[in-house]
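Each chain, written out:
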Amino acid sequence: MVNGEIILKAKGLKKYFGIRRSISEVLARKPPRYVKAVDGIDFDIRVGEVFCLVGESGCGKTTTGRMIARLLPPTEGSLLYKPTRETLNKIPPGYADKDGYVDLSRKLPKKLDKLLRQEIQIVFQDPFGSLNPRMTVYNILKEPLIVHNIGSTESERREIIYRALTEVKLTPPEQFFERYPHMLSGGQRQRVAIARAMILRPTLVVADEPVSMLDVSIRAEILQLMLDMQKGRNLSYVFITHDLAVANYLCSRIAVMYLGKIVEIGPTDLVINNPMHPYTKALIAAVPEPDPKNRFKIREVPIKGEVPSAANIPPGCRFHPRCPYAMDVCRREEPPMIEVEPGHYVACWLHSKH
Amino acid sequence: MALLEVKDLKTYYYTLSGIVKAVDNVSFSLEKGEVLGIAGESGCGKSTLAWSLLKLVPPPGRIAGGKILVKDNDLTKMSDDEVRSKIRWKTISMIFQGAMNSLHPMYNVGEQLVEALRYHSSGEFDEEAALNKAAELLEDVGLSKDMLRRYPHELSGGQKQRVVIAMSLMADPEIVIADEPTTALDVIVQAQILNLFKKLRKEKDLSMIFITHDLSVIAEVSDKVAIMYAGKIVEYGTSEQVFLNPLHPYTQGLLKSIPKIRSKEKIEWIPGVPPGLANPPPGCRFHPRCPYAMDVCRREEPPMIEVEPGHYVACWLHSKR
Ligand SMILES: Nc1ncnc2c1ncn2[C@@H]1O[C@H](COP(=O)(O)OP(=O)(O)OP(=O)(O)O)[C@@H](O)[C@H]1O
Ligand SMILES: Nc1ncnc2c1ncn2[C@@H]1O[C@H](COP(=O)(O)OP(=O)(O)OP(=O)(O)O)[C@@H](O)[C@H]1O
Ligand code: SF4
Ligand code: SF4
Ligand SMILES: [Mg+2]
Ligand SMILES: [Mg+2]
């Protein structure tokens, strides 16, 4: 695949979680209620890019990431993924469209499923919870090799594990082979998690807040490590973060999510320096900066209140109860996503005709 | 004299596997109406320092030396009872790390605000005055009086944090210590809460100690900054001195590791990880991670010296042997 080609297309992607009803609700035949965690989003991810999902807690970032990594089936919509040529050659007819995309939201045959699981990997936020505490680093890294039949002999696998640890700078690797996760620092654990994702040579990696739990002084090294891993590979990232400064540093494109929807999407520089959606503007205005002059001013954050519950989404533009510019149409109709400058899209009635 | 003066404070945890020197020879002062920010990475002793100032260090920890002077009283010499009835809440109050998540689920906001005051009062207690005070404070922190009858599960994260802030103000303290008060909050709510602190400080002429691992948040509120590393303050000065002219290699490294929203300036990191405090490195505790480490750094602890008026640093690069 070549840089710039689209590796993943999400269309109308939704994930609803059912809310348990009380007995009285069931008896009264009230309709089932849902948490609309992801409520119809579209985006493309290109080969070699770092695509960022940003937004406040509960806006649906992790749910989107888990759907991409196929840990959660979508409720609706499609996720078209372009496998590598080698994988495409092994796919039974009928599963890839004429351009070579496979819909990840469909039920796939076992063999294809396994091939795709190798190509799409995920790194979780919590380096303490994501590694099995009873396994050594060596075995944590060997497990995916066994599952995917990589390396025919133990010494071959050992060699692969050795290289994987070297790549994430856990050196000398032998010193880490026999360690258990509790014998590692937070940063070292996150490196092991990254090595485990990378050892299968994936083409798409979902990284869900990979540095949020780490100390500031070691975050930068993990971020740099992830960027270094892209060199010499056709690797794309979906990077999930609530930290806009990190997104600005790392990402080529940013999608801003609010209550299950993407409200603005575009190249990082355009979104950060020329935000169009009132929510994006507020988010950026709220980011603190290490400048001592800031203490003398009140940081104007031009929106009210907090994010409402995803079980109770406001009609029309879901941001309207907090928006300082809300108009009549905003309360009635959902704004469409329109392109305001090349590659920069926003869903807000201020920017489209009604 | 300063409102609060801490001198050579030592707070150690006496664990079975050894002594954890969580706060080791820490000194600073706080003037009336001033905000002091204390920054440092996880485990460097920030919360232990805060607990020490109220004599609330949990066992097996205790204050092992030094002075905490508050208006002519040395807290380290007062009995726990005396501190509880005279100092805690009335002179110094505290917003504990994670406090918003430890509001009692069974009591409403009003009851909890009143209870906080009752616990720290000696003698007679005027229930109604306390409830009025609670209502007034809720408005000060941007909540309506109706909140008095609400239960914690009916509140958002930002609202809970406001309640906790109101609680810390119930007895009109002169000093409020806030330990990571915005850490679990989203960036917009964080900005709202920081604005609230700025407003309260002005209106009530509060002095504050603001503790966080996030240097950007420190810059939003602090007049003075103390940088902690492995149980010690390594640099201390006005915000301008510390942010614009950082002198300690650790402070410099920390500042370079923060990504910024308005520039793509390359960020750097500090190699290695902070040491455990049961067995910190000899000499300068930062030496295993310091790019400038010299022989003396591995042997001898650098003294804290004043390099310009009010700007202190503990590093051999800045002092003569
Ligand atoms: N398994 C589940 N069952 C029910 N609701 C869920 C489930 N998983 C997530 N949700 C809800 O879906 C919404 C989106 O959650 P999600 O974890 O995707 O958000 P997020 O953007 O990753 O937030 P954070 O920044 O806090 O990690 C939230 O309201 C959440 O409570
Ligand atoms: N009860 C205890 N017994 C033994 N050691 C403790 C105890 N409480 C804390 N410590 C140790 O004391 C040191 C300082 O802990 P403290 O909680 O003060 O750090 P902190 O800077 O507030 O960290 P964080 O940013 O994670 O809140 C740590 O090394 C910690 O492991
Ligand atoms: S559509 Fe209306 S309510 Fe929504 S963000 Fe735009 S102006 Fe505000
Ligand atoms: S005393 Fe030495 S090791 Fe410590 S910070 Fe200064 S130069 Fe580095
Ligand atoms: Mg998440
Ligand atoms: Mg703490």
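Computed from a prediction, not measured in an experiment: that's the story for all the values here.

Draft legend 1. Local environment of the state of the cysteines. Residue and element names in this part refer to chain A. Evaluated as defined, the whole model comprises 1 disulfide over all chains. A sulfur-sulfur separation of 2.3 Å characterises the disulfide bridge that pairs Cys52 with Cys251. Taken together, the positions of Cys52 in strand β3 (residues 50–54) and Cys251 in the loop between α10 (244–250) and β9 (253–258) put the pair 199 residues apart, joining distant regions of the chain. Note on Cys251: relative accessible area 4%, which makes it buried.

Draft legend 2. Quick peek at the pairing of strand β1 (residues 6–19) of chain A. Pairing of β1(A) with strand β2 (residues 33–46) of chain A, which is carried by 11 bridges, proceeds in the antiparallel orientation. In the strand pairing of β2(A), A:Lys15 is matched with A:Val38.

Draft legend 3. Spatial organisation of the packing of helix α3 (residues 109–119) of chain B against helix α5 (residues 157–168) of chain B. All names here are of chain B. Packing of α3 against α5 leaves a shortest axis separation of 9 Å and a crossing angle of 30°. Between α3 and α5, the angle falls in the class roughly parallel. Relative to α5, the crossing made by α3 is right-handed. Touching Val109, Gln112, Leu113 and Ala116 of α3 are Val163, Ala166 and Met167, all from α5.

Draft legend 4. View of the interface of chain A and chain B. With 44 residues of chain A in contact, the opposing surface of chain B contributes 47 residues. Around 4000 Å² of area is buried between chain A and chain B when both sides are counted, 58% of it from carbon and sulfur atoms. Where chain A meets chain B, there are 5 salt bridges. On the surface where chain A and chain B come into contact, there are 22 residue pairs in polar contact (both at pLDDT 80 or more).

Draft legend 5. Spatial organisation of the domain arrangement of chain A. Residues and elements named next belong to chain A. The domain boundaries assigned to chain A delineate domain 1 (6–98 + 108–123 + 203–351) and domain 2 (126–202). Placing a centre on the C-alpha atoms of domain 1 and another on those of domain 2 gives a separation of 29 Å. Both sides together, the interface formed by domain 1 and domain 2 hides about 1900 Å², and carbon and sulfur atoms give 65% of it. Between the two partners, domain 1 and domain 2, sit 3 salt bridges. Here Arg191 makes a salt bridge to Glu221, at a shortest N to O gap of 3.2 Å. Here domain 1 is connected to domain 2 by 4 residue pairs in polar contact (both at pLDDT 80 or more). Elements supplying a minimum of two residues to the side of domain 1 that touches domain 2: α4 (110–119), β6 (120–123), β7 (204–208) and α9 (216–230). By residue number, the principal contributor to the side of domain 1 that touches domain 2 is α9, which donates 7 residues.

Draft legend 6. Structural detail: the environment of B:Gln192. All names here are of chain B. Topologically, Gln192 is positioned in helix α6 (residues 187–204). Note on Gln192: relative accessible area 16%, which makes it buried. Each C-alpha atom, one on Gln192 and one on Gly142, is 9.8 Å from the other, the two residues being 50 residues apart in sequence.

Draft legend 7. The coordination of the magnesium ion (ligand 6), seen in detail. Residues and elements named next belong to chain B. Distances from the magnesium ion (ligand 6) to its protein donors, namely Ser47 (OG) and Gln97 (OE1), fall within the range 2.0 to 2.2 Å. In this pair, Ser47 sits in helix α1 (residues 46–53) while Gln97 sits in the loop between β6 (92–95) and α3, placing the two residues 50 residues apart along the sequence. The class for Ser47 is buried, based on a relative accessible area of 13%.

Draft legend 8. Fine view of the site of ligand 1. Residues and elements named next belong to chain A. Surrounding ligand 1, one finds Phe17, Val35, Ala37, Glu56, Ser57, Gly58, Cys59, Gly60, Lys61, Thr62, Thr63 and Ala310. Between ligand 1 and Lys61, the relevant distance is 2.8 Å, taken from an oxygen atom to a side-chain nitrogen or oxygen of the residue. Between Thr63 and ligand 1, the recorded distance is 2.5 Å, taken from a side-chain N or O atom to an oxygen atom. The protein chains hide 61% of the 640 Å² of surface that ligand 1 would expose on its own. If you tally residues by element for the shell around ligand 1, the top one is helix α2 (residues 61–68), at 3 residues. In the shell around ligand 1, the residues fall into 5 nonpolar, 5 polar and 2 charged.

Basis of the calculations
- Residues numbered from 1 in each chain as written.
- Chains lettered and ligands numbered in written order.
- Predicted model: local features only at pLDDT ≥ 70, side-chain atom pairs only at ≥ 80, totals over all residues.
- Heavy atoms only, no water.
- Disulfide = S-S within 2.5 Å.
- Helix = DSSP H or I, 4+ residues; strand = E, 2+ residues; numbered from the N terminus.
- Buried < 20%, exposed > 50% of the residue type's maximum accessible area, 1.4 Å probe, protein only.
- Pairing = 2+ DSSP bridges.
- Axes fitted to C-alpha atoms, helices over the stretch in contact; angles between N-to-C directions.
- Parallel < 35°, antiparallel > 145°, perpendicular 65-115°, else oblique.
- Left-handed = near helix turned anticlockwise from the far one by under 90°.
- Contact = heavy atoms within 4.5 Å.
- Buried area = accessible area lost by both parts, 1.4 Å probe.
- Salt bridge = Lys/Arg side-chain N within 4 Å of Asp/Glu carboxyl O.
- Polar contact = N/O pair within 3.5 Å; in protein donor to acceptor, adjacent residues only side chain to side chain.
- Domains from an automatic or database assignment.
- Donors = N, O, S within 2.8 Å, 3.2 Å for Na, K, Ca; no water.
- Near = heavy atom within 4 Å.
- Areas by Shrake-Rupley, 256 points an atom, 1.4 Å probe, with all protein chains shown as cover.
- Nonpolar A, V, L, I, M, F, W, Y, C, P; charged D, E, K, R; others polar.

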